[in-house]
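The residues making up each chain are set out below.
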Amino acid sequence: MAENTNLDYQKKKNKEEMKQQVITFALMIVFTIIAFAMVLSDLDKLFVVPILFLLAVVQVIFQLYYFMHMSHKGHEMPAFMMYGGIFAAFLTLLGLTVLVWW
Amino acid sequence: MSSTTMTQKQGFAATLWDYLTTVDHKKIAVLYLIGGGFFFILGGLEALAIRIQLIQPNNDFVSNGFYNEIMTMHGTTMIFLAAMPLIFALMNAVVPLQIGARDVAFPFLNSLGFWLFAFGGILLNCSWFLGGAPDAGWTAYAPLSVVSPGHGVDFYVLGLQISGAGTLIAGINFLVTIINMRAPGMTYMRMPLFTWTTFVVSALILFAFPALTIGLFLLMFDRLFGSGFFDASLGGNSIIWEHLFWIFGHPEVYILILPAFGVFSEVIPTFSKKRLFGYTAMVFATVLIGFLGFMVWAHHMFTVGMGPAANSIFAVATMAIAVPTGIKIFNWLFTLWGGNIKINSAMLWSLGFIPSFTIGGMTGVMVATAPADYQYHDSYFVVAHFHYVIVGGVVFAIFAGLHYWWPKMFGKILNETLGKITFWTFFFGFHLTFMIQHFLGLMGMPRRYAVYLPNQELELGNVISTIGAFLMAFGAIVFVINIIVTTTKGEQVSGDPWNGRTLEWAIPNPVPHYNFKQLPLVRGLDALWIEKTEGRKELAPAEPLDDIHMPNPSILPFVMSLGLFIAGFGFIYQVDHPSWLIVLFIGMGITLGTMFIRSIKDDHGHHIHKEDLDEEAR
Ligand code: HEM
Ligand SMILES: [Cu+2]
């Protein structure tokens, strides 16, 4: 009995996840199309480049959380390491940029 | 070592082949020990040459140009080729045993990491015989390093690039090993501190070494392929090298010191018969130091002219590191307090470390005070500071660790009398050499100069310093004698000669090459001690006796590294004549070829069968 509910729950969860994955997949394709369209159009560079970066970051997050299951249990250490690395790299790049070109 | 009895029966060639192809972490530890020990002696001889040159004003023991080479190679050798590999020796010997694993996660890469280090170091030192060693300081600041004539700095660039790749590989390997291969029950907060520091250090390697790799690439292109990254006349910026170097360089000093902290956190509890005071705080401090280590690099550049705002930020961030470091010092003192203390060589090095390192930390805060650093910078005061932390911290830890884990690595306890002679002469010589250098620096003696003038009251201090250096050399020689005496005359001891607390002491002596017949079940911090307090002698197994899967030995890592070594010469000399490109292609061909073989040839390792394990037990 207990096993059965567990199985049902698992099934429901899988279905839920599948739905999310399809949605994010579609979104990612849309994002990519937007990115290409923006590069092809002759919009101002200063406007296009930051948006491209933003889209890229969102896509990375989608990738990590919906396709690589980073929100699931057992991923705390990779998450910690990644955010730690991003944090250190960001500070370093910020510091370097400010110190060298300011 | 499990194979000592076997090797005695084997011939020399067979033993050599065994070590060239080994992927066993215990044997790779021995290789790192031999390699690091060799370069430690080499760097020590260079140090003696420096001190002989400086024993009197206007001395001409070596020429000015040659002095620059010796001084550069001393620093480079000691940091990259002696301290790092000796620490890797301890990590390889101990960490898999401490976490209850049969080997590291990637045994093949482990061997590759060692051979890359070895060939990088040899390449660097080939420069002595090929027109002169690098002479731009171990920091190789541009533009000097770009314009330095001859091939010296090219050897620096290629040698460090190759050995740096080995270090990066080793770091990644330990990360994966510690995350994935801990025995059942060994949660993160049950890991011994040496394992914890290895873990944090591996992360530091992963994030810090790429900065060096990039810096070296840029320097290589400037020197060998005509680019102008650091050349102001071509629109480059030489300060970028300094930044890249120290973005790597400051984490590097923590890569060196954190494992040292780990060693002392093992030795002190064992010989005080107490658990480590403030374990959680120790772990937290280690992680915090790891993070802060990335945010302070510009304290090496206070005098570059970054401006008061940047200088203040980096000064404050630097001083913040003194806080977790202080926490650690107090925790060791509290571990000692009220303990049942046994003083032997390992413990002597640990007790000597505490005041010595604290002095280094104190001068660290002094040099971190940006306005004051305008006075200290590039003087002997800085030389005194970093020798207090590196020798008083890292080298003391290596000696302590070797005394402590020698019975685990080689089955015998190092001779105590000789060990104590080494400690006292080295300890005394160390303070004699470097304490006085603080004052020489304050009196205005600049670092990295081959001569100083008479009648500036610098004579006496320099004589004292040189005498101290010879005392240290004496101590080091006695240590080598100690190794020889112990190896030939020492007696085999049990697997747990110190009444240890952590998992590695649960293994019999000699350590079987699969480490654990059955993986142990860990029930808490100081896993073995817990069992001892409950009257058991060993840990309960976490699995039934079964076949053990082990990796196969391989010569490929050696050949891969050899290829890069050969290619290094091609890179360096193709500026003289394009025909050297052939050497480059041959070398890269060998490396890429072996990588290809490795990729397509399946190697599933081998099994040690259950029946054979039973047999051995009988
Ligand atoms: C309390 C902790 C520490 C502080 C506040 C500190 C601060 C500093 C500062 C500000 C400098 C630059 C001085 C100058 O060039 O004018 C320096 C140099 C140096 N420090 Fe430290 N330090 C600390 C610990 C360490 C440790 C643990 C190590 C190594 C194990 C280390 C190794 C070095 C080295 C190698 C240099 C000289 C680099 C060179 O110019 O060749 N320091 N330290
Ligand atoms: Cu630093």
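Every residue gets a number counted from 1 within its own chain, in the order that chain's sequence is written. Chains and ligands are labelled by the order in which they are written, letters from A for the one and numbers from 1 for the other. Since the coordinates come from a predicted model, pLDDT governs what is reported: local features require at least 70, and pairs of side-chain atoms require 80 or more to be given and counted, while whole-chain, interface and lining totals use all residues. Neither water nor hydrogens contribute to the side-chain values; these are computed over all heavy atoms in the structure.

Attention now goes to the coordination of the copper ion (ligand 2). Residue and element names in this part refer to chain B. The donor set comprises N, O and S atoms within 2.8 Å of the metal, extended to 3.2 Å for Na, K and Ca; water molecules are omitted, so apparent gaps in a site may simply reflect that omission. On the protein side, the copper ion (ligand 2) has His-250 (ND1), His-299 (NE2) and His-300 (NE2) as donor atoms, found 1.8 to 2.0 Å from it. Within one chain, the residues serving as donors to the copper ion (ligand 2) are arranged as H-x48-H-H. Between the copper ion (ligand 2) and the iron atom of ligand 1 the interatomic distance comes to 4.5 Å. With His-250 in helix 9 (residues 239-272) and His-299 in the loop between helix 10 (279-292) and helix 11 (308-336), this residue pair connects regions lying 49 residues apart in the sequence. Any residue under 20% of the maximum accessible area for its type is buried, any over 50% is exposed, and the rest in between are partly exposed; the area is computed with a 1.4 Å probe on protein chains only. Accessibility expressed as a relative area gives 6% for His-250, which makes it buried. The way it works is that DSSP assigns letters per residue, a run of H or I at least four long becomes a helix, a run of E at least two long becomes a strand, and they are numbered from the N terminus.

A word on the interface of chain B and chain A. Should any heavy atoms of two residues lie within 4.5 Å, those residues are counted as being in contact. Each side of the interface is counted separately: chain B has 19 residues, and chain A has 13 residues. Buried area is understood as the total, over both parts, of accessible area removed when two parts are fitted together, assessed with a 1.4 Å probe. Between chain B and chain A, the buried area comes to about 1300 Å², and carbon and sulfur atoms account for 91% of it. In what follows, salt bridge is the name for a side-chain nitrogen of Lys or Arg lying within 4 Å of a carboxyl oxygen of Asp or Glu. The interface formed by chain B and chain A includes zero salt bridges. Throughout this description, a polar contact denotes any pair of N or O atoms lying within 3.5 Å of each other; where both atoms belong to protein, one of them has to be capable of donating a hydrogen while the other can accept it, and for residues adjacent in sequence the pair is counted only when both atoms sit in side chains. Here chain B and chain A share zero residue pairs in polar contact (both at pLDDT 80 or more) between them.

Now for the site of ligand 1. Residues and elements named next belong to chain B. Only a single heavy atom is needed: when it lies within 4 Å of a molecule or strand, its residue is near that molecule or strand. Near ligand 1 lie 22 residues; those nearest to it are Trp-138, Asp-373, His-377, His-385 and Arg-447. His-385 is positioned with one of its side-chain polar atoms (N or O) 2.8 Å from a nitrogen atom of ligand 1. Mapped by element, the contributors of at least two residues to the shell around ligand 1 are helix 9, helix 12 (345-367) and helix 14 (380-410).

What follows deals with unusual backbone geometry. All names here are of chain B. Pro-143 follows Ala-142 through a cis peptide bond whose omega is 5 degrees. Examined against the element boundaries, Pro-143 turns out to sit in the loop between helix 5 (107-126) and helix 6 (144-147). Between Asn-509 and the following residue, Pro-510, the backbone shows a cis peptide bond with an omega angle of -5 degrees. Turning to its location among the elements, Pro-510 is positioned in the loop between helix 16 (459-489) and helix 17 (527-533). The residue Asp-378 is not glycine, and still its phi comes out positive at about 55 degrees. With respect to the helices, strands and loops of the structure, Asp-378 is situated in the loop between helix 13 (370-376) and helix 14. Given a relative accessible area of 36%, Asp-378 falls into the partly exposed group. Even without being a glycine, Asn-499 presents a positive backbone phi close to 55 degrees. Within the element layout of this structure, Asn-499 appears in the loop between helix 16 and helix 17.

A lone protein donor contacts the iron atom of ligand 1, and this donor is B:His385 (NE2), found at 2.3 Å. Structurally, B:His385 can be placed in helix 14.

This brings us to the pattern of salt bridges. All names here are of chain B. Applying the stated criterion to the full structure yields twelve salt bridges over all chains. Put simply, Asp-378 and Arg-447 hold a salt bridge, and the shortest N to O gap is 3.9 Å. Note that Asp-378 is positioned in the loop between helix 13 and helix 14 and Arg-447 in the loop between helix 15 (416-442) and helix 16, a separation of 69 residues in sequence.

This next bit is on the packing of aromatic side chains. Each aromatic ring pair is described using two quantities: the centre-to-centre distance and the angle formed by the ring planes. All names here are of chain B. Any Phe, Tyr or Trp ring, taking Trp's six-membered ring, that has another such ring centre within 6.5 Å forms a pair; planes under 30 degrees apart are called stacked, those over 60 apart edge-to-face, and the others tilted. The full count for this structure, using the stated rule, is 65 aromatic pairs over all chains. With 4.5 Å between their ring centres and 10 degrees between their planes, Trp-349 and Phe-399 make a pair best called stacked. Taken together, the residues span a long stretch of sequence, with Trp-349 in helix 12 and Phe-399 in helix 14 at a distance of 50 residues. You'll find Trp-349 and Phe-399 in the same group, each marked buried. Here, over-ring charges are defined by two tests on the NZ atom of lysine or the CZ atom of arginine: distance to the ring centre within 6 Å, and angle to the ring normal within 35 degrees. The aromatic ring of Trp-529 is capped on one face by Arg-501, whose charged end is 4.6 Å from the ring centroid. The ring of Phe-108 is capped by Arg-598, whose NZ or CZ atom sits 3.7 Å from the centre of that ring.

Moving on, we come to the nonpolar core. Residues and elements named next belong to chain B. Nonpolar cores are built from buried Ala, Val, Leu, Ile, Met, Phe, Trp, Tyr and Cys residues. Side-chain atoms within 4.5 Å join them into one set. Membership of the largest hydrophobic core comes to 174 residues, with the highest contact counts inside it found for Phe-264, Trp-332 and Phe-396. When residues in this core are grouped by element, the largest group, 19 residues, is from helix 9. The contacts of Trp-332, once residues within four sequence positions are left out, are Phe-261, Phe-264, Ser-265, Ile-268, Leu-276, Met-282, Phe-353 and Ile-354. With 14 residues, the next largest nonpolar core counts Ala-49, Leu-54, Val-383 and Leu-440 among its residues.

Counting through the fold element by element, B:Phe291 comes out in helix 10. On a C-alpha basis, the gap between B:Phe291 and B:Ala203 in space is 10.0 Å, while along the polypeptide they are 88 residues apart. B:Phe291 has contacts with A:Phe80, A:Gly84 and A:Phe87, leaving out every residue within four places of it along the chain.

Once that is clear, we can look at the domain arrangement of chain A. All names here are of chain A. Bear in mind that the domain bounds are from an automatic or database domain assignment. Segmenting chain A into domains produces domain 1 (2-71) and domain 2 (73-102). Counting residues at the interface gives six residues for domain 1 and five residues for domain 2. Between domain 1 and domain 2, a total of about 410 Å² is buried, with carbon and sulfur atoms accounting for 63% of that surface. The largest contributions to the domain 1 side of the interface with domain 2 come from Leu-64, Tyr-65 and Met-70, which together make up 72% of the buried area. Viewed at the interface, domain 2 and domain 1 are joined by zero salt bridges. Residues are grouped as follows: Ala, Val, Leu, Ile, Met, Phe, Trp, Tyr, Cys and Pro are nonpolar; Asp, Glu, Lys and Arg are charged; all remaining types, including Gly, are polar. Each residue belonging to the side of domain 1 that touches domain 2 can be placed in one class, and the counts come to four nonpolar, two polar and no charged.

Quick look at a negative patch on the surface now. Patch rule: a residue counts if its relative accessible area is over 30% and it has no salt bridge; like charges are joined within 9 Å, and nonpolar side chains (Val, Leu, Ile, Met, Phe, Trp, Tyr) within 5 Å. Methods summary: accessible areas were calculated by the Shrake-Rupley approach with a probe of 1.4 Å, and residue burial reflects only the protein chains presented. Charge assignment in this entry is limited to Lys and Arg as positive and Asp and Glu as negative, and neither His nor the chain termini are counted. Lysine's charge is taken at NZ, arginine's at CZ, aspartate's at CG and glutamate's at CD. Side chains of B:Asp546, B:Asp547, B:Glu611 and B:Asp612 sit close together on the surface and give a patch of like negative charge. With respect to the helices and strands, the residue B:Asp546 is situated in the loop between helix 17 and strand 1 (548-550).

All names here are of chain B. Take the number of residues in a helix, subtract one, and multiply by 1.5 Å to get its expected span. Counted at 1.5 Å a residue, the expected span for helix 10 with its 14 residues is 20 Å, and the 20 Å between its end C-alpha atoms agrees. All buried positions along helix 10 are accounted for by Tyr-279, Met-282, Val-283, Ala-285, Thr-286, Ile-289, Gly-290 and Leu-292. Taken together, the buried residues of helix 10 touch helix 8 (193-224), helix 9 and helix 11.

Okay, the side chain of B:Thr76 next. Turning to its location among the elements, B:Thr76 is positioned in helix 4 (residues 64-98). With sequence-adjacent residues up to four places away left out, B:Thr76 is seen in contact with B:Leu81, B:Leu124, B:Trp138, B:Tyr156 and B:Leu160.

With that settled, the discussion passes to the confidence of the model for chain A. Known as pLDDT, the predictor's confidence for each residue is given on a scale from 0 to 100. In the predicted model, chain A carries a mean pLDDT of 84, and the fraction of residues at 70 or more is 94%. The secondary structure element of chain A with the lowest average pLDDT is helix 1 (residues 2-40) of chain A, at 84, and the one with the highest is helix 2 (residues 45-67) of chain A, at 88.

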